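Read off the chains here:
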Amino acid sequence: MKIRSLIGNRKLATIRAEDDLALASQMMLWWGVRHLPVLRGTRVVGVLSERDVLARVASAGGRGLRERVDSSMTRPATVVGPGTDVGEA
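Basis of the calculations
- Residues numbered from 1 in each chain as written.
- Predicted model: local features only at pLDDT ≥ 70, side-chain atom pairs only at ≥ 80, totals over all residues.
- Heavy atoms only, no water.
- Core = buried A, V, L, I, M, F, W, Y, C linked by side-chain atoms within 4.5 Å.
- Buried < 20%, exposed > 50% of the residue type's maximum accessible area, 1.4 Å probe, protein only.
- Helix = DSSP H or I, 4+ residues; strand = E, 2+ residues; numbered from the N terminus.
- Contact = heavy atoms within 4.5 Å.
- Pairing = 2+ DSSP bridges.
- Axes fitted to C-alpha atoms, helices over the stretch in contact; angles between N-to-C directions.

Considering the nonpolar core
Membership of the largest hydrophobic core comes to 14 residues, with the highest contact counts inside it found for I15, A24, L36, V38, L48 and V69. It is helix 2 (residues 21-31) that provides the largest number of residues to this core, a total of 4 residues. Ignoring any residue separated from it by four or fewer positions in sequence, one finds V38 in contact with I15, R16, A17, R43, V44, V45, G46, V47, L48, V69 and M73.

Notes on the sheet that holds strand 2 (residues 35-40)
Adjacent strands of a sheet form backbone hydrogen bonds with each other and so pair up, either parallel or antiparallel. A sheet is described by the order of its strands in space; here 3 strands give the open sequence 1-2-3, paired in mixed fashion. Of all the strands in the sheet, the pair left with one neighbour each is strand 1 (15-16) and strand 3 (43-49). Strands in contact with helix 2 are strand 1, strand 2 and strand 3; relative to strand 3, the strand with the most contacts, it is inclined by about 75 degrees.

And the structure:
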């Protein structure tokens with residue numbers, strides 16, 4: 001089975017590295033997801049998790065939500081294409 005068969009025609013929720021954590025948090029709620037691929041232009045540069053956001057807010061208080069996504073994301077991201085076998089991914 002290939003990755004494309006799991007994804008189908010769904011749109012992927014992503015966030016830009018320069019966006020703030022408040023927007024990322026809201027997007028996670030809107031899309032019902034806990035992780036967002038982080039883009040710089042069209043390139044995936046990291047992954048932001050709900051846990052990353054919560055940790056930043058816990059350490060910086062409410063002002064943590066004003067910080068940029070790239071200050072809290074996990075990097076580098078491991079990326080696979082739609083033709084990759086699920087077992088390999």
